[in-house]
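# An overview of the molecular structure
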There are 2 protein chains.
Amino acid sequence: MAKLRRVVLERLMRYYRFLSESSFKKPPQTITSAQIAEALDIDPTQVRKDFGTIGLLGIGRVGFDVCEVCRAIRFNLGFDQRQEAVLIGTGHLGTALLAYSGFASYGLHIVAAFDSDSDKVGGEIAGCAVKPMRAMKPYIKRRGIRLAILTAPHEVAQKLADRLVSAGIKAIWNFAPTRLTAPPDVLVRDEHISLGLSVIAHHLAQATRPDRGQDTEGRAP
Amino acid sequence: MAKLRRVVLERLMRYYRFLSESSFKKPPQTITSAQIAEALDIDPTQVRKDFGTIGLLGIGRVGFDVCEVCRAIRFNLGFDQRQEAVLIGTGHLGTALLAYSGFASYGLHIVAAFDSDSDKVGGEIAGCAVKPMRAMKPYIKRRGIRLAILTAPHEVAQKLADRLVSAGIKAIWNFAPTRLTAPPDVLVRDEHISLGLSVIAHHLAQATRPDRGQDTEGRAP
DNA sequence: CCCCTATTGAGATTTTTTTCACGTTTACTA
DNA sequence: TAGTAAACGTGAAAAAAATCTCAATAGGGG
Ligand SMILES: NC(=O)c1ccc[n+]([C@@H]2O[C@H](COP(=O)([O-])OP(=O)(O)OC[C@H]3O[C@@H](n4cnc5c(N)ncnc54)[C@H](O)[C@@H]3O)[C@@H](O)[C@H]2O)c1
Ligand SMILES: NC(=O)c1ccc[n+]([C@@H]2O[C@H](COP(=O)([O-])OP(=O)(O)OC[C@H]3O[C@@H](n4cnc5c(N)ncnc54)[C@H](O)[C@@H]3O)[C@@H](O)[C@H]2O)c1
């Protein structure tokens, strides 16, 4: 399995989600790159190139076999392997992620949650037990967990990440607004939700104060 | 105010969050592009270029004035204007966003929430009233709200987006795993949280089944 | 005051990503 | 069975993004 670039991986995810919708599961079960491109607002050539990089071949005048595409994406993205994860920090966002049922279709299963708050420890959220922090490292080691979802406050994020790494974690999905550092063999994905706000706020600000010749003075447009 | 590209906007957001941290607010209140670059894992030239595009000039041997940089970013990203928003769908994720206090520092204030569930209507989440759907359009029109945060289920997302647009909304921050379509003057930001999963899952799958093929990396071009 | 060095701004260059252009393949129809 | 048109694969071109190079500048030490 070749290593794929981030942009490609993210597009593959979009193809997968689109094709997983039931409407394409009935015969003839084929779809053209143009149809996918249209629905996802991507160039058709890009779709074919992406499929090419994971070894998918379409057939002229017909397109691609939907099931085969899904299978190839599942394989390359590792959705065909059960992936167990732990979640650290059962606050508002942690609870939302625990309650979210959509991850199972990507092979992801959150098998335990950990929190430092003794009021939460011992409880259960969406069927997942909340355990004390001291139980974290042994749990991860014993079950060979490789993925951690970090939804703890910003201030403790890096410290928790270090503990996770020392427990043997190989990937961290970080929702705290912090850039985590970790050894090179540990993948960190910073999921900065509020980045999106920059695009939105700028768009709205643009509408409010239109560009009246700000930079090169004197040259009225 | 010039229109900025998405990649630039997102980096500006990262600079802003980094510089907002109190540690740089004390004298001498200057910072070099290299320091920012180091902390954020970005090329120093990139930092200077980004600052240049929003009209910021540094001074040789000193760097940039932190306050001035923050002010310029706030202006260009519109954080200096109070931005009121409504939230549709007060489920798990909606609740988390309502409870999140971090948005205020970007000028964003969620002033009302709407839900179709009569059990939730009339209640209050994190100090924000939950109103019935029929009240949505009048509320948006009356208060001149331009931004909507969409945290309703996938199946109803597009229909709700259409209603929001007809109510006069100019930007939609969409958390449902759907690609929304809207008129060109309405900005849609699809915040697909699970896209990050593609990168993580692929990384973990790679470790499990290393490339039994030949080369080390895709040398396609 | 003048030299030294860290740091900037901007043009040049490289790398990455997207799009175009076109020859080839395949199914359908007459 | 040949003609046609829809769809593919691929290499070239274009566009976008990131990085490199270097003269100019400014603070600080001698
Ligand atoms: N809620 C959102 O919408 C949202 C949006 C963007 C980013 N975030 C980020 O996600 C993270 C969590 O947000 P939240 O709203 O769920 O916060 P929260 O305060 O509701 O939850 C934080 C949880 O972490 C636990 N915790 C605190 N210190 C801990 C430690 N040392 N070890 C283990 N657990 C610890 C707390 O007990 C709590 O349960 C924060 O970093 C926040 O910035 C949240
Ligand atoms: N929870 C997560 O971690 C997570 C992660 C990724 C994506 N998402 C997406 O975010 C969205 C919300 O997720 P959630 O976990 O909060 O779901 P949820 O079921 O907890 O909440 C959905 C809310 O929407 C309301 N709703 C349903 N139909 C409505 C309608 N027609 N009009 C107005 N409100 C309506 C429901 O009453 C409910 O309060 C979903 O699209 C989900 O796919 C959630």
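A quick note: this is a predicted structure, and the numbers were derived from the prediction, not measured. (Residues numbered from 1 in each chain as written. Chains lettered and ligands numbered in written order. Predicted model: local features only at pLDDT ≥ 70, side-chain atom pairs only at ≥ 80, totals over all residues. Heavy atoms only, no water.)

It is worth spelling out a positive patch on the surface at this point. All names here are of chain A. A contiguous patch of positive charge, built from Lys 137, Lys 141, Lys 159 and Arg 163, is present on the exposed surface. Elements with a contribution of two residues or more to the positive patch: helix 6 (136-143) and helix 7 (154-167). Tracing the chain through its elements places Lys 137 in helix 6. (Patch = residues over 30% accessible without salt bridge, like charges linked within 9 Å, V, L, I, M, F, W, Y side chains within 5 Å. Areas by Shrake-Rupley, 256 points an atom, 1.4 Å probe, with all protein chains shown as cover. Salt bridge = Lys/Arg side-chain N within 4 Å of Asp/Glu carboxyl O. Lys, Arg positive; Asp, Glu negative; His and termini not counted. Charge placed at Lys NZ, Arg CZ, Asp CG, Glu CD. Helix = DSSP H or I, 4+ residues; strand = E, 2+ residues; numbered from the N terminus.)

The domains assigned to chain A are domain 1 (6-77) and domain 2 (83-192). Put simply, the middle of domain 1 of chain A and the middle of domain 2 of chain A, counted by C-alpha atoms, are 31 Å apart. (Domains from an automatic or database assignment.)

Turning to the pattern of salt bridges, a few remarks are in order. Tallied over the entire structure, the rule returns 18 salt bridges over all chains. Among the ionic pairs, Lys 170 of chain B bridges to Asp 185 of chain B, the shortest N-O distance being 3.2 Å. Taken as a pair, Lys 170 of chain B in the loop between helix 7 (154-167) and strand 8 (171-174) and Asp 185 of chain B in the loop between strand 8 and strand 9 (187-190) lie far apart in primary sequence, 15 residues in all. Exposure remark for Lys 170 of chain B: the relative accessible area of 32% places this residue in the partly exposed category. Salt bridges here are not isolated pairs; linked through shared partners, they connect Arg 6, Glu 10, Arg 189 and Glu 191 of chain A. (Buried < 20%, exposed > 50% of the residue type's maximum accessible area, 1.4 Å probe, protein only.)

Below, the discussion takes up the relation of the copies chain B and chain A. With an axial shift of 0.0 Å and an RMSD of 0.0 Å, the rotation relating chain B to chain A amounts to 180°. The symmetry that links the two subunits is that of a two-fold axis. (Least-squares fit on C-alpha atoms with pLDDT ≥ 70 in both.)

A few words on the sheet that holds strand 5 (residues 124-125) of chain A. All names here are of chain A. What the 7 strands build is an open sheet, ordered 5-6-4-3-7-8-9; its pairing is mixed. Every interior strand has two partners, whereas the edge strands, strand 5 and strand 9 (187-190), have only one. Inspection of the sheet shows strand 5 paired to strand 6 (residues 128-132) by 2 bridges, in the antiparallel sense. Note on strand 6: the bridge partner recorded for Ile 125 is Cys 128. Of the strands in this sheet, strand 3 (83-88), strand 4 (108-115) and strand 6 touch helix 6, which is tilted by about 155° from strand 4. Contacting strand 3, strand 7 (147-150) and strand 8 (171-174), helix 7 crosses the sheet at an angle of about 170° to strand 7. (Pairing = 2+ DSSP bridges. Contact = heavy atoms within 4.5 Å. Axes fitted to C-alpha atoms, helices over the stretch in contact; angles between N-to-C directions.)

Right, let's get into the protein's contact with DNA strand C. Around DNA strand C, the structure places 23 residues, and the nearest of them are Arg 5 and Arg 11 of chain A together with Ser 33, Gly 58 and Arg 61 of chain B. Sugar and phosphate atoms form 62% of the subset of DNA strand C atoms that lie within 4 Å of the protein. Take Arg 11 of chain A: an N or O atom from its side chain is 2.6 Å from a phosphate oxygen of DNA strand C. One of the side-chain N or O atoms of Lys 49 of chain A is found 3.0 Å from a base oxygen in DNA strand C. By residue class, the composition of the surface near DNA strand C is 6 nonpolar, 9 polar and 8 charged. (Near = heavy atom within 4 Å. Polar contact = N/O pair within 3.5 Å; in protein donor to acceptor, adjacent residues only side chain to side chain. Nonpolar A, V, L, I, M, F, W, Y, C, P; charged D, E, K, R; others polar.)

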